[in-house]
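Commentary on secondary and tertiary structure
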Amino acid sequence: LAKTTQPISMDSYEGQEVNITCSHNNIATNDYITWYQQFPSQGPRFIIQGYKTKVTNEVASLFIPADRKSSTLSLPRVSLSDTAVYYCLVGSRRGKLIFGQGTELSVKP
Amino acid sequence: EAGVAQSPRYKIIEKRQSVAFWCNPISGHATLYWYQQILGQGPKLLIQFQNNGVVDDSQLPKDRFSAERLKGVDSTLKIQPAKLEDSAVYLCASRTVSGGYNEQFFGPGTRLTVL
């Protein structure tokens, strides 16, 4: 399974767009990129999954360049409630989830 | 739709004691997972069930941890005897067999403190 690297922490302010980049240099041809969000005292929650180019849903957008060696999770106009840990995972479409340390996002008023 | 239920939410025990956690997955979800999340780290998969069969238990410390999923629905995870390093949150997750996305639904977890 491809190893992922993402920033340990990020700060932002309410109303800003937040972009969290994840590096996965050894991604395999059949690997997908999946992002989960975890609030304190809760289990992780699926946000978005993609294979290439751009995926958008009601919560976030996922940008994946042509070489797929990195990906960027974009959260539009964050609010205080978006303060959480965000995990980038790489693996087969319905395969095993290997969580790294994640990115701790802190949104300030 | 009801989510994944776990109990208890909190448990404090002394080392060498035994403890058991219970999980009720989302109705109809054939796949069930148990994860261990140590403070400051991401969740680590302990065991995966498909219905009542074990698919992956490669990271389960089998000398002290055991899990079962009788009748392919509820599951229990047991630790016997507990060690200090078992202090963590134990998360249960479930997923349907079909479906395009790798979307696992997690319960709120059980926070275990071993003294």
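Throughout what follows, the structure given in this document is the object of discussion. (Residues numbered from 1 in each chain as written. Chains lettered and ligands numbered in written order. Predicted model: local features only at pLDDT ≥ 70, side-chain atom pairs only at ≥ 80, totals over all residues. Heavy atoms only, no water.)

Points about the overall build of chain B
Tallying secondary structure elements over chain B gives zero helices and 11 strands in all. Listing each helix as α and each strand as β along chain B from the N terminus yields β-β-β-β-β-β-β-β-β-β-β. For chain B, whose C-alpha radius of gyration is 13 Å, the value lies close to the compact-globule estimate of 13 Å for 115 residues. Along the first, second and third principal axes, the C-alpha atoms of chain B reach 40 × 25 × 20 Å. (Helix = DSSP H or I, 4+ residues; strand = E, 2+ residues; numbered from the N terminus. Rg over C-alpha atoms; globule rule 2.2 N^0.38 Å.)

Describing the packing of aromatic side chains
Summed over all chains, the structure comprises 11 aromatic pairs over all chains. With a centroid separation of 5.9 Å and 85° between ring planes, the pair formed by Tyr-36 of chain A and Phe-46 of chain A is classed as edge-to-face. Of this pair, Tyr-36 of chain A sits in strand β3 (residues 32–38) while Phe-46 of chain A sits in strand β4 (residues 45–50), placing them 10 residues apart in sequence. Exposure remark for Tyr-36 of chain A: the relative accessible area of 0% places this residue in the buried category. Ring geometry for Phe-65 of chain B and Tyr-90 of chain B: centres 6.4 Å apart, planes at 40°, overall tilted. On the criterion of sequence distance, the pair formed by Phe-65 of chain B in strand β7 (residues 65–68) and Tyr-90 of chain B in strand β9 (residues 88–95) is long-range, its members being 25 residues apart. We note that Phe-65 of chain B, like Tyr-90 of chain B, is buried. (Phe/Tyr/Trp six-rings, centres within 6.5 Å; stacked < 30°, edge-to-face > 60°. Buried < 20%, exposed > 50% of the residue type's maximum accessible area, 1.4 Å probe, protein only.)

Regarding the interface of chain B and chain A
Contact residues are listed per partner, giving 23 residues for chain B and 19 residues for chain A. Broken down residue by residue, the surface that chain B buries against chain A is led by Tyr-101, Asn-102 and Phe-106 of chain B, which jointly contribute 30%. One salt bridge in this structure joins Lys-96 of chain A and Asp-56 of chain B, with 3.0 Å as the shortest N-O distance. Linking chain B with chain A are five residue pairs in polar contact (both at pLDDT 80 or more), by the criterion used here. The set of elements that each furnish at least two residues to the side of chain B that touches chain A consists of β4 (31–37) and β9 of chain B. Among the residues making up the side of chain B that touches chain A, the classes are represented as eight nonpolar, 10 polar and five charged. (Contact = heavy atoms within 4.5 Å. Buried area = accessible area lost by both parts, 1.4 Å probe. Salt bridge = Lys/Arg side-chain N within 4 Å of Asp/Glu carboxyl O. Polar contact = N/O pair within 3.5 Å; in protein donor to acceptor, adjacent residues only side chain to side chain. Nonpolar A, V, L, I, M, F, W, Y, C, P; charged D, E, K, R; others polar.)

Quick word on the sheet that holds β7 of chain B
All names here are of chain B. Spatially, the four strands line up as an open sheet ordered β1-β3-β8-β7, and their pairing is antiparallel. In the strand order of this sheet, the two ends are held by β1 (5–7) and β7, each with one partner. With direction set aside, neighbouring strand axes in the sheet form an average angle of 15°. Alignment of strand β3 (residues 19–24) against strand β8 (residues 75–79), held across five bridges, turns out to be antiparallel. Looking at β8, one finds that Val-19 is bridged to Ile-79. (Pairing = 2+ DSSP bridges. Axes fitted to C-alpha atoms, helices over the stretch in contact; angles between N-to-C directions.)

The values reported here are purely geometric and, on their own, carry no functional implication.
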